[in-house]
Amino acid sequence: IADLQYRTQITPDGTVFSQSDSISLISRYQLAIRRVVGFVMDPDFAGNAPSLVNVQIRESGRNFEIFKRPISMQSLLSKSGAANGAEWDGVYITVPGTDLAVEWSIDTARWAALVGTTKEFGIQILGDYTACTPR
């Protein structure tokens, strides 16, 4: 089982202050991504911030973005006790040994007016490693 976590800090003006580096997957295995869960530090005071942040997962091995469009953090956060995260009915399988990176995009035009403070977001990618036949 894989449990990969990525974080970002966004400044009061809506720029990314820091973010996690890409993670190299084990070269002999494919990663079957089954679930993506979002989180925000201090969720009781998140306000409008989650709806202004989008996330995209990039598989460097194929130079491929996993989602056709970035997903809103709002859709990845739990809502009144419901299950967390976006779930697939199927599975996304990576290339063996690829790097997974997360790209964050922020609506900076509205961030300063609606949020105006530093926030930290993250996502957790859950999946299973599958052994590939040795060459």
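The preceding data block contains the structure.
Residues numbered from 1 in each chain as written. Predicted model: local features only at pLDDT ≥ 70, side-chain atom pairs only at ≥ 80, totals over all residues. Heavy atoms only, no water.

Caption draft 1: Spatial organisation of the overall build of the chain. Counting its secondary structure elements, the chain contains 2 helices and 10 strands. The linear arrangement of helices and strands in the chain, starting from the amino end, is β-β-β-β-β-β-β-α-β-β-α-β. Across the 135 residues of the chain, 38% fall into the buried class. Surface accessibility of the chain: about 7500 Å² in total, with carbon and sulfur atoms responsible for 48%. (Helix = DSSP H or I, 4+ residues; strand = E, 2+ residues; numbered from the N terminus. Buried < 20%, exposed > 50% of the residue type's maximum accessible area, 1.4 Å probe, protein only. Areas by Shrake-Rupley, 256 points an atom, 1.4 Å probe, with all protein chains shown as cover.)

Caption draft 2: Inspection of the environment of V91 at higher detail. Inspection of the secondary structure puts V91 in strand β8 (residues 86-93). The exposure class of V91 is partly exposed, given its relative accessible area of 39%. Spatially, the C-alpha atom of V91 lies 8.7 Å from that of R35, the residues being 56 residues apart in sequence. Aside from chain neighbours lying at most four places away, what touches V91 is A32, I33 and R34. (Contact = heavy atoms within 4.5 Å.)

Caption draft 3: View of the packing of aromatic side chains. With the rule as written, the count across this model stands at 2 aromatic pairs. Where Y29 meets Y129, the ring centres are 5.8 Å apart and the plane angle is 65°; that geometry is what we call edge-to-face. You can see Y29 sitting in strand β4 (residues 29-40) and its partner Y129 sitting in strand β10 (residues 119-131), a full 100 residues away along the chain. A relative accessible area of 26% places Y29 in the partly exposed class. Taking relative accessible area as the criterion, Y129 reaches 26% and is therefore assigned partly exposed. Aromatic pair F64 and Y92: ring centres 6.4 Å apart, planes at 5°, arrangement stacked. Here F64, found in strand β6 (residues 64-65), pairs with Y92, found in strand β8; they are 28 residues apart in sequence, far enough to count as distant. Look at Y92 and you get buried, because its relative accessible area is 14%. The ring of Y29 has R28 sitting right over it, with the charged end atom 5.7 Å from the ring centre. (Phe/Tyr/Trp six-rings, centres within 6.5 Å; stacked < 30°, edge-to-face > 60°. Lys NZ or Arg CZ within 6 Å of the ring centre and 35° of its normal.)

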